[in-house]
Amino acid sequence: TQKGLVDALKSDYPGRFHHYSFECGLSHKRGTEETQRTRAFLFNSIAFTLAYRLSQKEFFAYENGITSLNLIRRQDLISARASRTTHPKTHALMSSFLSEVAGDKIKVANPFWQLTKADVFKSIDSVGGGNLIGSAVSCSKTFQRLDTGTHCGGCFQCIDRRLAGYASGVQDFDNVGIYSKDIFIDPIESPETRTTALDYIRQATQFARITDDQFYLDHLAELSDIVDHIDADGEEEAIEKLWKLC
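Analysis parameters
- Starting afresh in each chain, residues are numbered from 1 along the sequence in its written order.
- Thresholds applied to this predicted model are a pLDDT of at least 70 for local features of residues and 80 or more for the giving and counting of side-chain atom pairs; totals over whole chains, interfaces and linings are not thresholded and use all residues.
- Derived side-chain values reflect all non-hydrogen atoms in the structure, with water molecules and hydrogen atoms excluded from consideration.
- Counting from the N terminus, the helices are DSSP H or I runs at least four residues long and the strands are E runs at least two residues long.
- Relative accessibility under 20% of the residue-type maximum defines a buried residue, over 50% an exposed one, and the middle range a partly exposed one, all with a 1.4 Å probe and only protein chains included.
- When charges are tallied, Lys and Arg are placed among the positive residues and Asp and Glu among the negative ones, while His and the ends of the chain are skipped.
- What makes a salt bridge here is a side-chain nitrogen of Lys or Arg within 4 Å of a carboxyl oxygen of Asp or Glu, nothing more.
- Polar contacts, as used here, are pairs of N or O atoms within 3.5 Å; protein pairs need one atom able to donate a hydrogen and one able to accept it. Residues neighboring in sequence count only if both atoms are side-chain atoms.
- Contacts are assigned to residue pairs that have any heavy atoms within 4.5 Å of one another.
- Axis lines are fitted through C-alpha atoms, for helices just across the contact stretch, and the angle between N-to-C directions can take any value from 0 to 180 degrees.
- When an angle is under 35 degrees it counts as roughly parallel; over 145 it counts as roughly antiparallel; between 65 and 115 it counts as roughly perpendicular; any other value is oblique.
- By definition, turning the near helix anticlockwise from the far helix through less than a right angle yields a left-handed crossing, and turning it clockwise yields a right-handed one.
- The residue classification treats Ala, Val, Leu, Ile, Met, Phe, Trp, Tyr, Cys and Pro as nonpolar and Asp, Glu, Lys and Arg as charged. All others, Gly included, are polar.
- Surface patches are drawn from residues lacking salt bridges whose relative accessible area is over 30%; two like charges belong together within 9 Å, two nonpolar side chains (Val, Leu, Ile, Met, Phe, Trp, Tyr) within 5 Å.
- For the area figures, the Shrake-Rupley method with a 1.4 Å probe applies, and any residue is considered shielded solely by the protein chains shown.
- By disulfide we mean two sulfur atoms from cysteines, separated by a distance within 2.5 Å.
- Buried Ala, Val, Leu, Ile, Met, Phe, Trp, Tyr and Cys residues that are joined via side-chain atoms within 4.5 Å together make up what is termed a nonpolar core.

Colleague: Run through the overall build of the protein chain, naming residues and quoting values.
Modeller: When helices and strands are tallied, the protein chain shows eleven helices and two strands. The order of α-helices and β-strands along the protein chain, N terminus first, is α-α-β-α-α-β-α-α-α-α-α-α-α. Seen through its principal axes, the protein chain has C-alpha atoms that stretch 55 × 45 × 45 Å. The 246 residues of the protein chain split such that 34% are buried.

Okay, here's the thing in structure tokens:
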């Protein structure tokens, strides 16, 4: 999948695109820790190594803001069960750590933190990249693929992607054929998929109905880990930006 996207990007942007790939994994044994919570550290370390060799003091880790913030959708999705891969505090801590390693100021940045997934789709489409959307893989449970689909269709990432595709008008690019399960027309038999879909809609509905003050009160603990690590002039402006995003 990556190679196909790389070839397309090289064709569209000749001389501007360079791909560095690495193989990393255990040999002849199965890992005892399978949450993949350390992916962010691995990816940032590789990016830092390349950036350092190329004399760059900043590199990007792209993710839409809603996914990066990952505000609690239900009470059991906390601690290690809630991903913080591109969370603003994660990037701040990684920046601090890598600066110590380099002996110079290093910054890990996410240019998309104020965008939703629908916003990102619109941005890709606006520069003529819509035809590449169907080739990118978002699914977190690709081991559940059926038939010729590249996506399970029922995990949070798939549901988020399907709704964002329609919200941004790129549903024709985000071909329904890549999904093993079509949540819009197929019966949702999996309890986990039903819960995931309900969590998504419930949170979106809550964001749409509550006031900015209620948003602040509902997410006070989570926001305290965010406001100091985003580009804003003080806490009040930071909260306003986060509320606008949600």
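Colleague: I'd like a rundown of the side chain of E222, residues and numbers included.
Modeller: As for its position among the elements, E222 is in helix α10 (residues 220–224). One buried charged side chain, E222, makes no salt bridge at all; its nearest oppositely charged neighbour is R84, positioned 5.0 Å away. At a separation of 2.7 Å, a polar atom in the side chain of E222 contacts the main-chain amide nitrogen of I72. Beyond its immediate stretch of four places on either side in the chain, E222 contacts N70, L71 and I72.

Colleague: How would you sum up the packing of helix α7 (residues 156–168) against helix α8 (residues 191–209)? Please name residues and give values.
Modeller: Two elements in contact, α7 and α8, have axes whose closest approach is 9 Å; the angle formed by their N-to-C orientations is 50°. With respect to α8, the element α7 is oriented oblique. The hand of the α7/α8 crossing is right-handed. Across from F156, I159, D160 and L163 in α7, the residues of α8 making contact are T193, T196, A197, Y200 and I201. Looking at the contact of α7 with α8 residue by residue, the classes come out as six nonpolar, two polar and one charged.

Colleague: If you had to explain a nonpolar patch on the surface to someone new, which residues and values would you point to?
Modeller: A cluster of nonpolar side chains, Y20, F22 and L54, forms an exposed patch at the surface whose accessible area comes to about 350 Å². By the secondary structure assignment, F22 is in the loop between α1 (2–12) and α2 (39–53).

Colleague: I'd like a description of unusual backbone geometry, backed by residues and values.
Modeller: Negative phi values dominate among residues other than glycine, just as trans dominates among peptide bonds. At S55, a residue that is not glycine, the phi angle is positive and equals roughly 60°. Among the secondary structure elements, S55 is positioned in the loop between α2 and β1 (58–60). The phi torsion at N70 lies on the positive side, around 50°, for a residue other than glycine. Within the element layout of this structure, N70 appears in the loop between α3 (65–69) and α4 (88–102).

Colleague: Pulling in residues and values, what's your account of the state of the cysteines?
Modeller: In total, this model carries zero disulfides according to the counting rule given. There is no disulfide at C152, and the cysteine sulfur nearest it, in C139, is 3.6 Å away. Take C158: it sits in no disulfide, and the sulfur closest to it among the cysteines is that of C155, at 3.6 Å. The buried category is assigned to C158, whose relative accessible area is 0%.

Colleague: Account for the packing of α2 against α4, with residues named and values stated.
Modeller: Where α2 meets α4, the axes come as close as 11 Å, and the angle between the chain directions of the two elements is 40°. Between α2 and α4, the angle falls in the class oblique. At the point where α2 passes α4, the crossing takes the right-handed sense. Residues F41, N44, F48 and Y52 of α2 form the contact with α4, whose participating residues are M94, F97, L98, V101 and A102. Of the residues assigned to the contact of α2 with α4, the class counts are eight nonpolar, one polar and no charged.

Colleague: Account for the nonpolar core, with residues named and values stated.
Modeller: One finds L69, L71, F215, L223, I226, I230 and L242 to be the most contacted residues of the largest nonpolar core, which totals 15 residues. When residues of this core are assigned to their parent elements, the largest contribution, five residues, is made by helix α11 (residues 235–245). Setting aside chain neighbours within four positions, we find I230 in contact with P88, W113, A238 and L242. Within the second largest apolar cluster, nine residues are counted, among which are F48, F59, L98 and V108.

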